[in-house]
Amino acid sequence: MKRDAYGRLDENSYPLIYQVGPTAPTTPWLVRMADESGIFRLLCFDFDGKEAGVVSPDLMERAVDDCDALSGILDRLGIAHVVCQSSGTGGRHIWVALQGGAAAGTVAALAGAAHANYATLDHGMLCNPREGGARPPLAPHRDGSSSTVLRGQLAGLLAPSATSSDLAALTGVLDAARPAPRPADTKPSGPVDIRYSAPRPLSAWGQGHMATVNGGSNASWTGFMCLLAAASAGWTLAEVEQESLTAPGMEHYRTKNTSRGTRKPRSPADARARLERQWAKAQQYSALQAPLTTSQAPADFTDLGIIVGTVDDLLTRFRVSPGRWGQSEAAVSQRSILTAVAYLSLQTGKRTVAASIRDLALMVGLSRDTARRALAALAADGFLVRVALAEGGNAAEWGLIPKFSTALRTVASQHLDNPRPPSELFNLRTSLVTTLERQLTDGRHDLFTRPGLGHLAGKTYALLAQHPALTIATAARLLGVSTRHTATIFSRLRTHRLIVKHADGWARAKKDLRDKAAHIVGVAGLLLDRARRYQVERDVWAWWQAEVTTMHAGPRRRPKGVHVSSRPLFRDTNAPGERVWPRYPRSSTQRGDHRSARELVDLGLLDPDNRWQYLGDAA
């Protein structure tokens with residue numbers, strides 16, 4: 001690094017090139033991963049726990065766990081490596097020296113597989129044979145610290161032993177261990193304790209993560225999956241906090257990784273603060289993933305390749321044409337709804353997805369009417385196609401329209417248009433899913449609803465997570481809105497201390513104060529209340545549809561009475577047995593009284609677990 005005119009090392013850049021010599025530089029320095037011919041001689045896996053340039057304690061611990069997980073795989077494969085703490089902030093580097101070097105394509109495939117497994121891995125340097133480099137062990141950092149060796153022998157880097165076949169084996173292991181995009185398809189990262197039993201109902205995949213002994217090979221990932229399963233099952237924070245004291249899979253919230261193969265207990269204050277932060281994040285992800293249906297295994301990767309290519313192209317369009325998606329409040333909403341449809345298509349592996357306006361609205365923090373108008377506008381503009389109308393209890397089906405699609409039939413592979421290899425395709429899919437999840441969850445909050453600071457404020461807050469700092473002019477260009485409008489949004493965010501002044505403009509505050517700001521504005525709990533209201537509307541509609549079906553059925557097909565195998569209308573939708581329900585309320589003219597039905601469902605009188613039950617005519 002080169003000092004500025006004041007002798008400081010503020011910029012993380014390395015403009016000067018020197019030959020390796022006996023004397024180490026006095027300022028921070030790096031080594032290139034590849035030689036002049038593009039052959040990699042060294043590999044550095046850089047695990048970083050920063051968010052928009054700011055160190056996040058939660059992400060830093062995740063980076064440590066990710067580093068240890070990859071180090072464990074390297075040990076099992078017999079690949080010599082060195083683990084370093086890269087600086088005083090706690091980041092990690094894993095160094096591997098290559099015997100005979102490795103081609104850029106081989107290393108890029110390995111980097112993609114590793115990044116698909118470890119979200120905190122910065123794999124950019126492994127995909128850049130020309131400029132990719134990192135500070136070697138013992139090299140100084142601009143904050144005054146230096147890279148320190150935690151495990152491994154430096155002599156191993158001077159006598160390379162890892163070969164291209166070792167890298168191929170490592171890539172294969174990482175491809176096989178890649179987590180599934182949908183939580184329901186994930187598997188525990190270690191052995192499970194079959195004696196464990198959750199105190200409240202939990203999904204099968206959630207039960208597996210909760211029972212993972214000592215959190216498995218990646219305790220932080222397993223811990224978050226436990227929270228996600230609990231949030232999806234309707235647990236409360238108090239119940240999760242109680243379970244974190246004993247559940248094997250929630251080891252991350254009881255102890256901390258020491259990077260020496262052991263863990264040390266957390267203080268009660270640290271454990272509770274970490275659990276509360278992660279619980280809030282898990283609730284956001286649970287709301288986002290609630291509409292997901294069963295995934296579809298691709299038969300020949302053709303459909304999945306089209307989906308991945310379409311979503312990748314869509315994100316490019318968002319980036320290069322910000323004015324189209326920021327010109328009005330309606331356009332901002334359309335971008336969010338289109339992103340949600342793309343996310344559902346990626347997750348399920350289906351080109352056509354069933355998505356109700358209420359599900360899409362709850363995914364992005366909008367109202368159902370706004371979602372309805374956005375879907376209609378997107379269909380009119382050629383971004384979406386409605387494949388099937390909503391009918392009965394089934395939602396309408398929507399599909400993304402590929403921009404460069406030439407025909408609906410499958411075109412044979414040609415030399416200028418070869419499909420991606422399966423591993424590269426799945427790695428890109430995982431990367432796109434992660435990108436969409438971050439965009440959707442960062443901007444989804446009570447504070448960013450229309451009665452709060454507005455949906456565009458949420459987009460701005462999410463944008464600041466991708467950059468260390470932004471000026472008002474730069475943010476306006478990226479959002480596709482006027483500078484004046486952007487300044488107003490920044491002012492509102494600054495009023496609630498969600499952003500702070502930075503040398504390069506404005507940056508997100510280290511502490512997330514969105515919940516506090518929502519209480520001040522008076523919108524706390526708005527999204528939860530909206531979700532409850534939408535569920536009530538669904539229940540009333542399902543009740544009326546069941547009633548209509550019975551009225552039109554022949555006498556022999558109508559239910560005669562409650563049987564031991566019967567099940568309530570609103571419980572266990574996929575369970576066997578005849579559904580039973582009380583008669584729908586009627587007005588004095590014997591027509592359906594929908595207002596009374598709404599009141600009954602609102603009061604919970606059709607809930608099988610409620611003490612008071614509505615019995616219809618039997619009352």
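See above for the structure.
Quick summary incoming for the structure in this document.

The rules behind these values
- Residues numbered from 1 in each chain as written.
- Predicted model: local features only at pLDDT ≥ 70, side-chain atom pairs only at ≥ 80, totals over all residues.
- Heavy atoms only, no water.
- Pairing = 2+ DSSP bridges.
- Helix = DSSP H or I, 4+ residues; strand = E, 2+ residues; numbered from the N terminus.
- Contact = heavy atoms within 4.5 Å.
- Axes fitted to C-alpha atoms, helices over the stretch in contact; angles between N-to-C directions.
- Phe/Tyr/Trp six-rings, centres within 6.5 Å; stacked < 30°, edge-to-face > 60°.
- Buried < 20%, exposed > 50% of the residue type's maximum accessible area, 1.4 Å probe, protein only.
- Lys NZ or Arg CZ within 6 Å of the ring centre and 35° of its normal.

**Observations regarding the pairing of strand β15 (residues 499-502)**
Then, in step 1: For β15 and strand β16 (residues 505-508), the ladder comprises 4 bridges, and the chain directions are antiparallel. Looking at β16, one finds that Lys-501 is bridged to Trp-506.

**Overview of the sheet that holds strand β2 (residues 40-47)**
Whenever strands of a sheet pair, they do so through backbone hydrogen bonds, lying parallel or antiparallel.
Then, in step 1: Across the sheet, which stays open at both edges, the 5 strands sit in the order β7-β2-β6-β5-β9 with antiparallel pairing between neighbours. The open sheet terminates on both sides in strands that have one partner only, identified here as β7 (121-122) and β9 (148-151).
Then, in step 2: Relative to β7, β2 runs antiparallel, the two sharing 2 bridges. The residue of β7 that forms the bridge with Asp-46 is Asp-122.
Then, in step 3: Packing against the sheet, helix α1 (residues 57-77) makes contact with β2, β5 (82-85), β6 (92-102) and β9, and its axis sits at approximately 35° to β6.

**Structural notes on the packing of aromatic side chains**
For any pair of aromatic rings, the description rests on two quantities: the centre-to-centre distance and the angle between the ring planes.
Then, in step 1: Applying the stated criterion across every chain yields a total of 7 aromatic pairs.
Then, in step 2: Between Phe-47 and Tyr-118 the ring centres are 6.1 Å apart and the planes differ by 75°, which places this aromatic pair in the edge-to-face class. You can see Phe-47 sitting in strand β2 and its partner Tyr-118 sitting in the loop between α2 (104-117) and β7, a full 71 residues away along the chain.
Then, in step 3: A ring pair is formed by Trp-543 and Tyr-584, whose centres lie 5.0 Å apart and whose planes are at 65°; its orientation type is edge-to-face. Remark: Tyr-584 occurs in the loop between β18 (579-580) and α19 (594-602) and Trp-543 occurs in helix α18 (residues 526-552); sequence separation between them is 41 residues. Like Trp-543, the residue Tyr-584 is buried in the burial classification.
Then, in step 4: Ring pairing ties together the aromatic residues Phe-318, Trp-325 and Phe-383, which thus form one cluster.
Then, in step 5: Its guanidinium or amino end placed over the ring of Trp-325, Arg-324 lies 4.2 Å from that ring's centre, counting from NZ or CZ.
Then, in step 6: Here Arg-335 stacks its cationic end above the ring of Phe-318, 4.5 Å away from the centre of that ring.

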